[in-house]
Structures are given as C-alpha cells and as structure tokens.
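The chain contents come next:
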Amino acid sequence: MTKDILAKEFFSDNARFADIINGIGCLGEQVVSADDLQDLDTQTGFFRMPDFIRRRQTGRGKDGNKPEPLHVRDLVRKTRFGINFAIVGFENEELLDYSMVLRCLFYDTGEYEKQYRAIRRAVRNNGGKLTAGEYLYGFRKDSRLYPVVTFILYYGEEEWDGATDLHGILDFEGIPEPLREMVPNYRINVIDIRRLKDTSMFHTDVRQVFDFIRYSKDPEQLKKLVTEDKAYQELEEDTYDFVTQYTHADELVQVKEYYKKDGVVNMCEALTILLKNEKTEGRAEGRAEGRAEGRAEGRTEGKAEAVLTLLAELGNIPEDMKERILQETNLDRLNQWLKLAARAGSVQEFKDQW
C-alpha cells in the first residue's frame, strides 16, 4: 500500500480529521467532533485544468487539456460549526512542491466554483423577484458561500522552504508599491510535522503518529517516547502502518505480525528490539571505521543480541544456547531465530523449533 493511500485511509476516520481541525484550525479548542463532518466528493471544479497540474496527475499535456474536473483532492469534509459550515481539505505531502500555492489555489477555487454552480441552479429554479443581474449570473445579493480552508500536512525531512502565499511566487520587481498592494494575496497552511514544537493539542492517535515522525531521527528520544506513552503498546494497525511507512522503518514493517494481537500492535516491544539492534550495529561500525568486516560483525552481533533480548523475556536462557546464538554468523539464520523468538511462548518452545 502506498504512503498516499495509507495517509488517506488514516485521516478518513472523522475523529482524526476533526482532531486536526481542532488542534490546528481552532488552536486546540474542542470545537467540532466526528459527527460534525460530512464526506464530500474529492473532485474539485469544472473549469479547464491547468496544464502543470494535469501533467502531475495524469501525464497528459496540452493535447489532452479538455474542460473536465480539475483534480481529485486527498480528503475533504463539509464541517458543521453551529448553524454554519466550512469546507476543510487535507493534502498529504512528503516532497517539497514549490508550486503548492498554485495547487491549493486551484483546489479551493474549484470548491467555491462547485458551490456557485449549486447556488446558480437554486436561484434560477426557485424564481422569485430577481434583478436582471441576479438572474443573469445566478447569484443573489444575499447569496453566500461556505468558507474553504486547506491544510497541507508535510512529512518531509527537509524543512519547508517554499512560498506560503501567492505573493511569495510573484515577481514584483519594478512594480510600483501602490499597485503591488492591490494585487490580491492568497496564503496556504503548511503543517511541518517533523518540526512541530508541541502536539498536546491533539487528542486522538494523531498525536502518536506526529510524535513518532518528529523523533524518528533521534533513537534515544524515540525510545523514551514509546516507553512513556502507553498508547504505543496498543496502536491501531493503520496507525502503525502509517508511522512505519512515513519514517522508512522497514524492520518495524517486517515484524509487525509478531507484535499484533486483536487488531492492535505493540510498537513499544517492537521498537525496543529494533533500537537495541541498531545501537549494537552502530557501535560495531564505529569501531570498524566503515570496514566491511566490521559492519558485517556488527549486524550479526546486533541480531544475536536482539534474539537473546526476546528470549530473556520468556525465561532463563541455557548457557549453551546463549553461546551458540552469540557465535552464529549467518544473518539469514539469525533472522529466522529472531522471528521464532518473537512467536515463541517459552524458551523451551524456541529450543524445540530452532
């Protein structure tokens, strides 16, 4: 499953979607709930698709530039605020896109255009007393659109250094200041996940996802995080998949099945083994100063210690078994033992099968 699909699946849960709205859009105040959200068609707009977006999405250029729906957004919800509504969209990004301002501008414009078309049909169908202009354009003096806001959830390792408003990508050189001030601006809302200072405003497992991504490059902080936050002992499977894919934690992906029970995954246990393994490898590689022989020894040593760590949780390890595991140099066999140790219910069960 691709990262984009994982992110869409994760945030398709309305409680998580509402958590972002409250945490970011309402500065932590609990204003909306999952019940206040309605799914909307992610297809936006009906005017001509700009060629740079068409190429990005379909690979079709000017020859295929036909009037058709503008774009399929990642996620969008009609959100109730008391007696009013707002249209809230999410875009999940891992790579820097310096055209993001334009993309979001087209997305939001497409949402407004859909609303305008609906109003125009209602105005003309309902009749009533209309001015010539109201009938011609299908928009009454008291007609109103729902506000549209888009959040860009950016997971990239590079800090976001792209423009965050339209003026940031306009060339104003030589343009008189008074005229420049008359050029309408449009800003975007980039949430740089890895550089969030605080996540206490979130009240669902969105917090665990963002915290794991924030600390994914700091093993000590990561270990402290998953040890102290008990929520990591029972992560929903889609939450586990999301964080492991977006942090490139391939080993955690591989061992998921061994730490999954009743639809939840114990990331605390899985990560403890992974970090112990990586720490041992790092020490060995440092001592070997990059020599291939040293790296190979470090990998086998790390795997062996990981196997012993799992077995120690099951009971006392016989000295002969411990010695054999530590002396093993075949990585494939050590990997098999690691999986077997994760599944075993006792040291004896491991011994019977190894």
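To keep things clear, this report deals only with the structure shown in the data block. (Residues numbered from 1 in each chain as written. Predicted model: local features only at pLDDT ≥ 70, side-chain atom pairs only at ≥ 80, totals over all residues. Heavy atoms only, no water.)

As a further point, take the sheet that holds strand E9 (residues 260-261). Strands sit in the order E8-E10-E9 across an open sheet of 3 strands; the sheet is antiparallel. Both outer strands of the open sheet, strand E8 (235-236) and E9, are each paired with one neighbouring strand and no more. (Pairing = 2+ DSSP bridges. Helix = DSSP H or I, 4+ residues; strand = E, 2+ residues; numbered from the N terminus.)

The next point concerns the pairing of strand E4 (residues 75-81). The buried count for E4 comes to 5 of 7 residues, which makes it a mostly enclosed element. As judged from the 3 bridges shared by strand E1 (residues 37-39) and E4, these two strands associate in the antiparallel manner. Within E4, the position partnered with Leu37 by the bridge is Thr79. The pairing of E4 with strand E5 (residues 84-93) spans 7 bridges and is classified as antiparallel. Its bridge partner lying in E5, Lys78 is registered against Ile87. Connecting E4 to the next strand, E5, in antiparallel fashion are 2 residues, including Gly82 with a positive phi near 65 degrees. (Buried < 20%, exposed > 50% of the residue type's maximum accessible area, 1.4 Å probe, protein only.)

Another point: helix H8 (residues 219-228). Along H8, the residues classified as buried are Leu222, Leu225 and Val226. All buried residues of H8 lie within an arc of 85 degrees about the axis, which places them on one face of the element. Turned more than 90 degrees off the buried face of H8, the exposed positions are Glu220 and Glu228. (Arc of directions from axis to C-beta.)

Attention shifts here to the packing of helix H1 (residues 3-11) against helix H9 (residues 237-246). How two helices pack is summed up by the angle between their axes together with the distance between the axes. Where H1 contacts H9, the two axes come as close as 10 Å, and the packing angle between them is 145 degrees. By crossing handedness, the relation of H1 to H9 is classed as left-handed. Here Lys3, Asp4, Leu6, Ala7, Glu9, Phe10 and Phe11 of H1 come into contact with H9, specifically with Asp238, Thr239, Asp241, Phe242, Gln245 and Tyr246. (Axes fitted to C-alpha atoms, helices over the stretch in contact; angles between N-to-C directions. Left-handed = near helix turned anticlockwise from the far one by under 90°. Contact = heavy atoms within 4.5 Å.)

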